[in-house]
Amino acid sequence: MNLILIGSFSALYLAIHLLNSLLFQSIEITSHVSMVYLPAFLRLFNVLVLGAVRGSFATLLGGLLVMKYLNEPTVMGLLNTVCSMCGPLLALLLFRVRFQRPVNLSSLPDLVLLAIACSVINPFLHHATWSVFDPAHPVSAAQLFQMVVGDFMGCLIGVGLMKFTVQRLNLLTPRA
């Protein structure tokens with residue numbers, strides 16, 4: 001069952017990445033930066049739903065699937081995928097250290113805080129990696145800011161959908 005979920009979440013990551021490219025092509029800055037990036041939320045969703053290890057593995061596999069559609073060297077694709085995988089893990093770690101408790105999936109403030117953390121951590125990880133390993137890749141403060149905005153918009157849309165779904169289906173309320 002775990003492998004089916006991991007595979008499904010990986011395929012969903014690829015599908016949302018491709019859908020995001022179609023829907024938001026007009027506000028895409030580069031193949032790595034869009035003003036709305038829905039997969040940013042899926043990275044967080046994977047670890048929230050599947051747990052840190054399985055969720056990260058789903059993101060890793062999804063990133064490997066996405067690499068097929070990007071025209072970049074394999075090493076950079078792998079590094080980008082690792083950066084994408086690490087952002088939500090660091091955000092969750094910071095949340096647990098700061099608040100000394102797990103995330104409450106029905107708490108909008110918890111989810112928004114995680115969305116903010118992921119939206120800042122992920123672009124910094126990517127830009128640091130690009131600066132070190134791909135000097136030909138243009139890196140600028142404006143592009144970093146655009147990536148933060150795009151990741152946040154994608155996370156915010158995902159958080160809203162997740163909160164709506166959790167409330168609508170009463171997923172986290174005890175049943176008699």
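Parameters at a glance
- The written sequence of each chain sets the order in which its residues are numbered from 1.
- For this predicted model, a pLDDT threshold of at least 70 governs which residues receive local features, and a threshold of 80 or more governs which side-chain atom pairs are given and counted, while totals over whole chains, interfaces and linings are taken from all residues.
- For the side-chain quantities, the full set of heavy atoms in the structure was used; hydrogens and water were omitted.
- The set of buried Ala, Val, Leu, Ile, Met, Phe, Trp, Tyr and Cys residues whose side-chain atoms join them within 4.5 Å is what this entry labels a nonpolar core.
- Buried residues are those whose accessible area, probed at 1.4 Å on protein chains only, stays under 20% of the maximum for their type, while exposed residues exceed 50% and partly exposed ones sit between those limits.
- Strands here are runs of E lasting at least two residues and helices are runs of H or I lasting at least four, both read from the DSSP assignment and numbered beginning at the N terminus.
- For this text, the term disulfide refers to a pair of cysteine sulfurs within 2.5 Å.
- Only the six-membered ring of Trp is used, alongside the rings of Phe and Tyr, when aromatic pairs are assigned; centres must lie within 6.5 Å, and planes under 30 degrees apart are stacked while those over 60 apart are edge-to-face, with the rest tilted.
- Think of a patch as exposed residues, more than 30% relative accessible area, with no salt bridge, where like charges cluster within 9 Å and nonpolar side chains (Val, Leu, Ile, Met, Phe, Trp, Tyr) cluster within 5 Å.
- For the area figures, the Shrake-Rupley method with a 1.4 Å probe applies, and any residue is considered shielded solely by the protein chains shown.
- In the sections that follow, a salt bridge refers to a side-chain nitrogen of Lys or Arg positioned within 4 Å of a carboxyl oxygen of Asp or Glu.
- Where helices are involved, their axes are fitted lines through C-alpha atoms of the stretch in contact, as for all axes, and angles between N-to-C directions lie from 0 to 180°.
- Orientation categories follow fixed angle ranges, with anything under 35 degrees roughly parallel, anything over 145 roughly antiparallel, 65 to 115 roughly perpendicular, and all other angles oblique.
- Helix crossings get a hand from a simple test, with the near helix turned counterclockwise from the far one by less than a right angle marking a left-handed crossing and a clockwise turn marking a right-handed one.
- The contact criterion used throughout is that any non-hydrogen atoms of two residues lie within 4.5 Å.
- Residue polarity follows a fixed list, in which Ala, Val, Leu, Ile, Met, Phe, Trp, Tyr, Cys and Pro are nonpolar, Asp, Glu, Lys and Arg are charged, and the others, Gly among them, are polar.

### Brief notes about the nonpolar core
Right, on to step 1. By size, the foremost hydrophobic cluster in this structure holds 28 residues, and its most contacted members are Leu48, Val103 and Leu114.
Right, on to step 2. For this core, the secondary structure elements donating two or more residues are α1 (2–23), α2 (39–50), α4 (74–99), α5 (108–133) and α6 (141–168).

### Describing the state of the cysteines
Right, on to step 1. In total, this model carries 0 disulfides according to the counting rule given.
Right, on to step 2. Free cysteine Cys118: the closest other cysteine sulfur is in Cys155, separated by 5.5 Å.

### Examining the packing of aromatic side chains
Right, on to step 1. Enumeration over the complete set of coordinates arrives at 3 aromatic pairs.
Right, on to step 2. Residues Phe9 and Phe45 carry aromatic rings whose centres are separated by 5.7 Å and whose planes lie at 15° to one another, so their mutual orientation is stacked. Within this pair, whereas Phe9 is found in helix α1, its partner Phe45 is found in helix α2, the two being separated by 36 residues in sequence.
Right, on to step 3. Plain terms: the ring middles of Phe95 and Phe99 are 4.8 Å apart, the flat faces sit at 45° to each other, and that makes the pair tilted. Here Phe95 pairs with Phe99, and both are found in helix α4, just 4 residues apart, close to one helical turn.
Right, on to step 4. We classify Phe95 as buried; its relative accessible area is 4%.
Right, on to step 5. On the basis of relative accessible area, Phe99 is assigned to the partly exposed category, the value being 32%.
Right, on to step 6. Within the aromatic cluster, the residues linked to one another by ring pairs are Phe9, Phe41 and Phe45.

### Digging into a nonpolar patch on the surface
Right, on to step 1. A surface patch of nonpolar side chains, amounting to about 410 Å² of accessible area, comprises Phe99, Leu113, Ile116, Val120 and Phe124.
Right, on to step 2. Looking at the nonpolar patch, the element that brings in the most residues is α5, giving 4 residues.
Right, on to step 3. With respect to the secondary-structure elements, Leu113 resides in helix α5.
Right, on to step 4. The class for Leu113 is partly exposed, based on a relative accessible area of 40%.

### Topic: the pattern of salt bridges
Right, on to step 1. Applying the stated criterion across every chain, the model contains 2 salt bridges.
Right, on to step 2. Of the charged contacts in the structure, one is a salt bridge between Arg43 and Asp151, with a shortest N-O distance of 3.8 Å. Here Arg43 is found in helix α2, whereas its partner Asp151 is found in helix α6, with 108 residues between them in sequence.
Right, on to step 3. You can call Arg43 buried: its relative accessible area is 5%.

### Looking at the packing of α2 against α4
Right, on to step 1. Following both chains from N to C, one finds α2 and α4 inclined at 55°, their axes separated by 9 Å at the closest point. By the angle between their directions, the pair α2 and α4 is classed as oblique. Judged by the sense of rotation from one axis to the other, the crossing of α2 with α4 is right-handed. Of the residues in α4, those in contact with Arg43, Leu44, Val47 and Leu48 of α2 are Ser84, Pro88, Leu89 and Leu92.
Right, on to step 2. Looking at the contact of α2 with α4 residue by residue, the classes come out as 6 nonpolar, 1 polar and 1 charged.

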